[in-house]
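# Reading the structure
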Amino acid sequence: MSTERTLVLIKPDGVKRNLTGAILARIEAKGYTLAELKKMDATRELLEAHYEEHVGKPFYEPLVEFMLSGPIVAAVFEGQRVIEGFRSLAGATEPTTAAPGTIRGDFGRDWGTKVQQNLVHGSDSAESAEREIGIWFGN
Ligand code: RTP
Ligand code: MG
């Protein structure tokens, strides 16, 4: 299989809690290569494009509000099977029960908010990855 790229976002909870370095270090330690990196404020337009599959779901608006609540860090990582490798490293969506040893399992929990504050986003397929990298970094 050829080298893949994936989009990683460190969400506002991760940035606020000063976990950016710890999260990036785990991805690098697994052997993936950082290709692009920036800290920025998301916008409603970027988020609407990024979360297009979730528009209209009950958690969509709280999710957008959460993603606008502080700066995020956007990164592109490269490597063999990095898409599934990063999702495995991130852990299950719900941080309270995400497996220990994963980013969400080790650093996250339920804070009683309307949306899962789960530290990171990772693309879920090659098509999503190329689409999302285009949204956050252009082509
Ligand atoms: P992600 O896209 O962030 O990598 O996470 P995922 O695939 O595990 O989760 P997904 O189903 O794509 O949902 C996107 C993000 O929306 C928030 N969410 N909250 N019921 C809830 O409270 C709920 N469901 C989803 C999470 O922040 C999730 O990562
Ligand atoms: Mg997803």
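Residues numbered from 1 in each chain as written. Chains lettered and ligands numbered in written order. Predicted model: local features only at pLDDT ≥ 70, side-chain atom pairs only at ≥ 80, totals over all residues.

Put simply, the rule reads: UniProt positions are given in the numbering used here, feature names are shortened, and annotations may be inferred rather than shown by experiment.
Going by an unreviewed UniProt entry, the chain carries the name Nucleoside diphosphate kinase and comes from Arthrobacter gallicola. You can read under Sequence similarities (unreviewed entry) in the UniProt record for the chain the words "Belongs to the NDK family." Listed under Function (unreviewed entry) in UniProt, the entry text for the chain is "Major role in the synthesis of nucleoside triphosphates other than ATP. The ATP gamma phosphate is transferred to the NDP beta phosphate via a ping-pong mechanism, using a phosphorylated active-site intermediate."

## Observations concerning the overall build of the chain
To keep it simple, the criterion reads: Where helices and strands are cited, they refer to DSSP runs of H or I of at least four residues and of E of at least two residues respectively, numbered from the N terminus. Radius of gyration here uses only the C-alpha atoms, and the compact-globule reference equals 2.2 Å multiplied by the residue count raised to the power 0.38. Exposure criterion: with C-beta atoms placed from backbone coordinates, a residue whose C-beta has 20 or more other C-beta atoms within 10 Å is buried, one with 12 or fewer is exposed, and one in between is partly exposed.
Regarding its fold elements, the chain presents 7 helices and 4 strands. Ordered by position in the sequence, the α and β elements of the chain form the string β-α-α-β-α-α-β-α-α-β-α. On C-alpha atoms alone, the chain measures out to a radius of gyration of 14 Å, which is about the 14 Å that the 2.2 N^0.38 rule sets for 139 residues. Along the longest, intermediate and shortest principal axes, the C-alpha atoms of the chain span 40 × 35 × 25 Å. The 139 residues of the chain split such that 37% are buried.

## A word on helix α2 (residues 20-29)
Test applied: Picture the helix axis, draw a direction to every C-beta atom, and the arc is the one those directions span. For every residue pair, C-beta atoms are placed from the backbone, and the pair is scored as a contact if these atoms sit within 7 Å.
Turning to α2, its buried residues number three or more, namely Ile23, Arg26 and Ile27. Buried residues in α2, looked at end-on, bunch into an arc of 95 degrees, giving them a common side. Facing away from the buried side of α2, by more than 90 degrees, are the exposed residues Gly21, Ala25, Glu28 and Ala29. Contact partners of the buried residues in α2: β1 (3-10), α1 (12-16), β3 (72-80), α5 (82-90), α6 (103-107) and β4 (120-122).

## Examining the sheet that holds β1
Definition in use: Think of it this way: DSSP has to see at least two bridges between two strands before they count as a pair. As a rule, the C-alpha atoms of each element are fitted with a line to give its axis, helices using only the stretch in contact, and angles between N-to-C directions run from 0 to 180 degrees.
Spatial strand order, β2-β3-β1-β4: 4 strands in an open sheet with antiparallel pairing. The open sheet terminates on both sides in strands that have one partner only, identified here as β2 (33-40) and β4. Along the sheet, successive strands turn relative to each other by an average axial angle of 20 degrees, direction set aside. α5 contacts β1, β3 and β4 of the sheet and is inclined by roughly 35 degrees relative to β1.

## Looking at the nonpolar core
Heads up, the condition is: Here a nonpolar core is just a set of buried residues of the types Ala, Val, Leu, Ile, Met, Phe, Trp, Tyr and Cys, joined wherever their C-beta atoms sit within 7 Å.
In terms of nonpolar packing, the biggest core is built from 29 residues, with Val8, Phe77, Phe86 and Val120 touching the most fellow members. Those elements that place two or more of their residues in this core are β1, α2, α4 (60-67), β3, α5, α6 and α7 (126-137).

## Re the UniProt feature "active site" (unreviewed entry) in the chain
The sites that carry the UniProt feature "active site" (unreviewed entry) are, in the present numbering, His121. By the secondary structure assignment, His121 is in strand β4. By the C-beta count within 10 Å, which is 22 here, His121 ends up buried. Leave out the neighbours within four places in its chain, and His121 touches Val8, Leu9 and Lys11.

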